[in-house]
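# Survey of secondary and tertiary structure
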Amino acid sequence: MLLIQVLIVLFAGFAFMRVVVRLRRQMIGRGEFFVWACFWAAVAALVLTPRATQWFARVLGVGRGADAVFYLAIVGLSYLNFRLEFKLRTLQQQITQLVRKLALEKADQK
Amino acid sequence: MIERVVEAVRSRFPRTVVVDDGSTDDTALAARRAGATVVSHLINRGQGAALRTGFEYVLTRGADVIVTFDADGQHQVEDIAALVAPITERGFDVVLGSRFMAAGSQVPMGRKIVLKCAVWFTRLASQIRVTDAHSGLRAMSRRAAECIRIRQDGMAHASEILDEIVRHRLQFCEVPVRVLYTPYSQQKGQSSLAAFRIALDFLLGKWRN
C-alpha cells in the first residue's frame, strides 16, 4: 500500500469520526449522517481499490482513474463553492436587512 | 471631525441625518450632540447599506430632496445649494457632484487615475456618460430615492445608483463640486486597490439581479 493511500484512508476515518460526533451532539440528523458516512466510506474504498476508479475512468473516456477522480473533484468542489458563495451573499443581505430594521425601529422610538 | 461636519451642514440645512454604521467610538454621540438625527446600525454593514438605511429613514419623514454628504470633511457645504437647485428649479431627478468639473478640486494623481478608470468602466457597464462615477456628494428627488434600489452593501453602490438612473430613465445632471483631500479623509477613504474588488462586486451584483 502506498503512503498516500494510508494518509487518505486515515483522513477519511478522522472525517467519519467527526460526522459521528456531530450526530451524537444532534447537530445533524440521521439522514445527513448516512450521506456523509457513505461519502467518506466511498473515499476510503476508492483509494484502497484503484482498479474500481480505472474502470470508471474508462467509462468516462479518461486515461487514468486518478485523473477521473481529480476532474470530478474539481467540478464538485467548484459547485460547492458556488453554492456557498450564494448562501453567504444571501446571509449577508439578510443580516443587513435585520440591522436596518432594528436601526429604523430604534430611530422611530426616539 | 463629525461634529464639525454636522454643525457646518446644519447651519444651512437643519434636517440632517447621520447614519452611524456600527461605529465603536463616540461618533453617534458626537453627531447627536451636534444636532443631527442619528440612525445607528448595530454592526458595520458598509456604505451602500448605510445609504439605503438613510434613504428609508428620510423617506418615512417626508423628505422631498435628499442630499448625501460624506462625514469625513471632504465635501463642502457651499456645494449643496448647487446640487439641489436643478431638482427644485429645473425638475431633474438626480444631481451628481463631479470632482473633475470643478476648478478648485485637487485630486491626488493616483486617485485621479483610478477614478478615470471608474468613469470608463461605468460607461461600458452602465451605458451612462458621467465625468465622475464615484462621488459621494449627490442629491436626488423623493421620486428618484423611491425608485433607486441599493442592493450593494459596500462601495459598489455608487455604480449601482448610476445603473438605476439608467434603468428608471431618471433625469440627471452633473454639477462641479470641490473635494478636499485631507490626511483624515484619505485615511478614512478606500485604497486605490479596492477599486478592483468594488468593480467585481458591482458586476456580480449586476448579473445576479
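Look a little higher up for the structure.
A short tour of the structure in this document, coming up. Since we're looking at a predicted model, the values are computed, not measured.

## Quick notes on the overall build of chain B
- Within chain B, the regular secondary structure consists of nine helices and six strands.
- Here the C-alpha radius of gyration of chain B, 16 Å, is about what a compact globule of 209 residues would show, namely 17 Å.
- Total accessible area on chain B is roughly 10500 Å²; 54% of this is exposed by carbon and sulfur atoms.
- Distance between charge centres in chain B, computed from 28 positive and 22 negative side chains, equals 4 Å.

## So, the pattern of salt bridges
- What the rule picks out here adds up to 10 salt bridges over all chains.
- Here Asp 67 of chain A and Arg 64 of chain A are joined by a salt bridge, their closest N and O atoms 3.2 Å apart.

## Some words on the interface of chain A and chain B
- Counting residues at the interface gives 13 residues for chain A and 18 residues for chain B.
- Taking both sides of the interface into account, the surface hidden between chain A and chain B amounts to around 1400 Å²; carbon and sulfur atoms contribute 53%.
- Among the residues chain A hides against chain B, the three largest losses belong to Arg 89, Val 99 and Arg 100 of chain A. Together they make up 37% of the total.
- In this structure, the connection of chain A to chain B is made through one salt bridge.

## Structural notes on the side chain of Asp 20 of chain B
Residues and elements named next belong to chain B.
- Relative to the elements of secondary structure, Asp 20 occurs in strand S1 (residues 17-21).
- Buried charge without a salt bridge: Asp 20, with Arg 32 as the nearest opposite-charge side chain at an N-O distance of 6.5 Å.
- Here the side chain of Asp 20 touches Ser 23 through a polar contact of 2.6 Å, side chain to side chain.
- Beyond its immediate sequence surroundings of up to four residues, Asp 20 is in contact with Ala 28, Val 38, Val 39, Ser 40 and His 41.

## What about helix H7 (residues 157-167) of chain B?
- Where burial is concerned, most of H7 of chain B is hidden: nine out of the 11 residues are buried.
- Just beyond H7 of chain B, the residue with positive phi is Arg 169 of chain B, at close to 50°.

## What about the sheet that holds strand S3 (residues 65-68) of chain B?
Residue and element names in this part refer to chain B.
- One open sheet holds the four strands; their spatial order is S3-S5-S4-S6, and the pairing between them is mixed. Of all strands in the sheet, those with a lone pairing partner are S3 and strand S6 (172-176), marking the two edges. Each adjacent strand pair in this sheet contributes to an overall mean axis angle of 20°, direction not counted.
- Bridging between strand S4 (residues 94-98) and strand S5 (residues 138-141) involves three bridges; their strand directions are antiparallel. Bridge assignment links Val 95 to a residue of S5, and that residue is Ala 139.
- Contacting S3 and S5, helix H3 (residues 47-60) crosses the sheet at an angle of about 155° to S3.

## Here we look at the packing of aromatic side chains
- Per the counting criterion, the structure on display carries seven aromatic pairs over all chains.
- Grouping aromatic residues by their ring pairs yields a cluster made of Phe 11, Phe 14, Trp 36, Phe 39 and Trp 40 of chain A.

Procedures and definitions
- Along each chain, residues carry numbers from 1 onward, in the same order as the chain's sequence is written.
- A letter from A marks each chain and a number from 1 marks each ligand, given out in the order of writing.
- Under the rules for a predicted model, residues below a pLDDT of 70 receive no local features and side-chain atom pairs below 80 are neither given nor counted, while totals for whole chains, interfaces and linings still include all residues.
- For side-chain calculations, the full set of non-hydrogen atoms in the structure is used, while hydrogens and water are omitted.
- Here a helix means four or more residues in a row that DSSP labels H or I, a strand means two or more in a row labelled E, and each is numbered from the N terminus.
- Just to be clear, the radius of gyration here is over C-alpha atoms, and the globule rule we use is 2.2 Å times residues to the power 0.38.
- Here, Shrake-Rupley sampling with a 1.4 Å probe gives the accessible areas, and only protein chains in the shown set may cover a residue.
- None of His or the chain ends enter the tally, which takes Lys and Arg as positive and Asp and Glu as negative.
- Throughout, a charge is located at the NZ atom of Lys, the CZ atom of Arg, the CG atom of Asp or the CD atom of Glu.
- By salt bridge we mean one thing: a side-chain nitrogen of Lys or Arg within 4 Å of a carboxyl oxygen of Asp or Glu.
- Here, two residues are considered to be in contact whenever any of their heavy atoms come within 4.5 Å of each other.
- Simply put, the buried area is the total loss of 1.4 Å probe accessible area from both parts when two parts are fitted together.
- Only protein chains enter the accessibility calculation, which uses a 1.4 Å probe; a residue is then buried when its area is under 20% of its type maximum, exposed when over 50%, and partly exposed in between.
- Polar contact is the term for a pair of N or O atoms within 3.5 Å; when the atoms are in protein, one must be able to donate a hydrogen and the other to accept it, and sequence-neighboring residues count only if both atoms are side-chain atoms.
- At least two bridges found by DSSP between two strands are what make those strands a pair.
- Note on geometry: axes are C-alpha line fits, over the in-contact stretch for helices, and angles between N-to-C directions span 0 to 180 degrees.
- Working definition: rings of Phe, Tyr and Trp (its six-membered ring) pair if their centres are within 6.5 Å, and the pair is stacked with planes under 30 degrees apart, edge-to-face with planes over 60 apart, and tilted otherwise.

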